[in-house]
Amino acid sequence: MDIAYTMLKFKFGLLIFFAVICLYWTWSIYIKLNTNKYPAKTHWQILISDQTITPIKDTKHLMVSAYKDHRVDGAIRIISIIRRGDLQPLHCFFCGGHGCFPASVAQVEMHSDHFGFPFVTTDVLCQSPSMYNVTHVTISIHSDIKANQNQHFLSIQNKELREEKIFPYNFTVCISNLFGGYNNVLQFVQTMEMYKLLGVQRVVIYNTSCGQDLEPVLVHYREEGILEIVEWPIDQFLNPSKGWRFEEHKGDLHYYGQLTTLNECIYRYMYQSKYVLLHDIDEIVMPYQHANLHLLLEDLQYQHPRVGVFVIENHIFPKNHYEDSGKFKLPQWREIPGINILEHIYREPSREAVINPTKLIVNPRHVVQTSVHSVLKTLGETFWVPPDVCRLVHVRVPLQGSLTKDQLLVDKKLWEYEKELVQNVDNTLRKSGLLL
């Protein structure tokens, strides 16, 4: 019986030995094949893009930025601008410490909102190989890696999954575009200072062009630390539209790429900001029952814990109607170009048959794709905030132009901040060299 037991142990040991040899041999062949297939990094010095817009070789498509999306198995999401009629299969190529190599065919997800324009904001999803620590990615119509040696690569951002408690910002405002030599200095400064009073810690602006009076103001806010300026030279690559409807405004791309920049900003601040506000530079998200945005969102989130998208109604304050006292016709602002929002306290009433336009406050980790007035894909719930709780203060040309002043509603909410606001605006204008 002892002999039989000994023989059994011997046979079992031989089986384990040969299994180990077989595994080692298989792994050696795998490494050899992959080493031959994927060139070492020293064999190919990749070109890394330092621009916000990067052409895709041999196409009319454009890449913008690349982010690791931890919500979809760590896929790399490349924010892109794709010509809808010229889509071909796209291939992903990665580089890292182990060299450069191809992965799989890219998954292309065109956004559903394009408003009829030829070019559309698009997510190009690339599955990165898990056995390598990849740092850069590009996309191409060519499947052969050798055909892409002159294609620029994008740095992969958001590689680390950060906890909300260590985010540097609670509230970030994403301003989609400045273009056309935008020079509305006074309204810009008043809006920025209102943001700060309401608790905004970061503002992001995608700048195509601005006026010479606004430039020193942008420099001041950037040096102060509240403003990030992302250069957005979309007009060097496409003929961007100045409007939102192709039939009316023509061009290649909706409103200077507004949809692209809004989505890019969400991913840029995915792991930096608890909330992101998506609206235009002439709009202010104004709480009407809370002193600031922190208290507003604290209440809203407590009441609606599963909500990741808060929809805020836009309410127009016509710039052609002024308050009668003239108390804010301040002499120091007389030569500053732009609208003085404190002079406009008359608000257009809501109409029963018309839904007011909206903008958004979002938890960026709940958003996959967004449009201007609503999200296209979300991982959470959406809540429409009542306007008596919060609304957008939007001083602009009237929407209901036939209404007289007597038919408008008096809304002096901004005046509750007048003392600090006026003082802070003066300080900023002085530091920007626009006031003596």
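The structure this text deals with has already been given above.
Note that the structure is a prediction, hence the values are computed from the model and not measured.

Cut-offs used in this document
Residues numbered from 1 in each chain as written. Predicted model: local features only at pLDDT ≥ 70, side-chain atom pairs only at ≥ 80, totals over all residues. Heavy atoms only, no water. Helix = DSSP H or I, 4+ residues; strand = E, 2+ residues; numbered from the N terminus. Buried < 20%, exposed > 50% of the residue type's maximum accessible area, 1.4 Å probe, protein only. Contact = heavy atoms within 4.5 Å. Areas by Shrake-Rupley, 256 points an atom, 1.4 Å probe, with all protein chains shown as cover. Expected span 1.5 Å × (residues − 1). Arc of directions from axis to C-beta. Disulfide = S-S within 2.5 Å. Axes fitted to C-alpha atoms, helices over the stretch in contact; angles between N-to-C directions. Parallel < 35°, antiparallel > 145°, perpendicular 65-115°, else oblique. Left-handed = near helix turned anticlockwise from the far one by under 90°. Nonpolar A, V, L, I, M, F, W, Y, C, P; charged D, E, K, R; others polar. Pairing = 2+ DSSP bridges. Core = buried A, V, L, I, M, F, W, Y, C linked by side-chain atoms within 4.5 Å. 1 Å grid on protein atoms, 1.4 Å probe; cavity = no way out; pocket = protein on both sides within 12 Å on 5 of 7 lines; lining within 4 Å. Points joined across faces, edges and corners; volume = space filled by probe spheres on them.

A. Summary view of the overall build of the protein. Within the protein one finds 7 helices and 23 strands. The buried share among the 436 residues of the protein stands at 51%. By sequence separation, contacts in the protein at least 24 residues apart represent 77% of the contacts at least 6 residues apart. Accessible area of the protein: about 21,200 Å², with a carbon and sulfur share of 54%.

B. Examining helix α7 (residues 418-431) more closely. With 14 residues, α7 should cover 20 Å at 1.5 Å per step; its first-to-last C-alpha distance of 20 Å lies within 8% of that length. Where α7 is concerned, the buried positions are L421, V422, V425, D426, T428 and L429. Along the axis of α7, the buried residues cluster in a sector spanning 165 degrees; they form a single face. Of the exposed residues in α7, the ones pointing more than 90 degrees away from its buried face are K419 and K431. Looking at the buried positions of α7, the neighbouring elements they touch are α2 (185-198) and α3 (215-224). Positive backbone phi, approximately 80 degrees, marks G433, located one or two places after α7.

C. Molecular detail of unusual backbone geometry. At D73, a position not held by glycine, the phi torsion is positive, near 60 degrees. Structurally, the position occupied by D73 is in the loop between β3 (62-69) and β4 (75-83). Looking at D73, the relative accessible area reads 76%, which means it is exposed. Even without a glycine there, the phi angle at K250 is positive, about 60 degrees. Position of K250 relative to the elements: it lies in the loop between α4 (246-249) and α5 (258-268). Note on K250: relative accessible area 45%, which makes it partly exposed.

D. Local environment of the state of the cysteines. Overall, the coordinates contain 3 disulfides when judged by the stated rule. Between the sulfur atoms of C92 and its disulfide partner C126 the distance amounts to 2.0 Å. Note on the C92 and C126 pair: the S-S dihedral is about -80 degrees, so by sign convention the disulfide is left-handed. Residue C92 is found in strand β5 (residues 91-96), and its partner C126 is found in strand β8 (residues 119-126); the two are separated by 34 residues along the sequence. You can call C126 buried: its relative accessible area is 0%. The disulfide that involves C174 links it to C265, with 2.0 Å between the sulfurs.

E. Region of interest: the packing of α2 against α3. Following both chains from N to C, one finds α2 and α3 inclined at 15 degrees, their axes separated by 11 Å at the closest point. With respect to their mutual orientation, α2 and α3 come out roughly parallel. Crossing handedness for the pair α2 and α3: right-handed. Here V185, F188, V189, M192, E193 and K196 of α2 lie close against α3, whose contacting residues are V217, L218, Y221 and E224. Broken down by class, the residue content of the contact of α2 with α3 amounts to 7 nonpolar, no polar and 3 charged.

F. A look at the environment of G225. Residue position: G225 is located in the loop between α3 and β13 (227-231). Looking at G225, the relative accessible area reads 35%, which means it is partly exposed. Spatially, the C-alpha atom of G225 lies 8.8 Å from that of Q201, the residues being 24 residues apart in sequence.

G. Spatial organisation of the pairing of β8. Of all 8 residues in β8, 8 are buried; the element is thus mostly enclosed. Along β8, one buried face is formed by F119, T121, D123 and L125 and the opposite face, lined by V120, T122, V124 and C126, is buried too. In the sheet, β4 pairs with β8 via 8 bridges, with the strands oriented antiparallel. The residue bridging I79 from the neighbouring strand is D123, located in β8. As paired strands, strand β7 (residues 107-110) and β8 are joined by 4 bridges and run antiparallel to one another. From the neighbouring strand, M110 faces β8, where its bridge partner is T122.

H. Representation of the nonpolar core. One finds F188, V203, L214, M286 and L429 to be the most contacted residues of the largest nonpolar core, which totals 65 residues. Tallying contributions element by element places α2 first for this core, with 8 residues. Apart from the residues within four sequence positions on either side, L214 is in contact with L178, Y182, N183, V185 and F188. Judged by nonpolar contacts, the second largest core, of 37 residues, contains Y67, M270, V368 and V372.

I. Just empty space enclosed by the protein, in detail. Counted under the stated rule, the structure contains 3 cavities of 30 Å³ or more. A volume near 70 Å³ is recorded for the largest cavity. Among the residues making up the lining of the largest cavity, the classes are represented as 4 nonpolar, 5 polar and 2 charged.

J. Broad picture of the layout of surface pockets. Reported here for the largest pocket is a volume of approximately 900 Å³. Around the largest pocket sit 35 residues that line it, and Y255, D280, D282, H394 and R396 are the ones nearest its centre. If you tally residues by element for the lining of the largest pocket, the top one is strand β11 (residues 169-178), at 4 residues. Residues of the lining of the largest pocket, tallied by class, amount to 15 nonpolar, 14 polar and 6 charged.

Keep in mind these values describe shape, not function.
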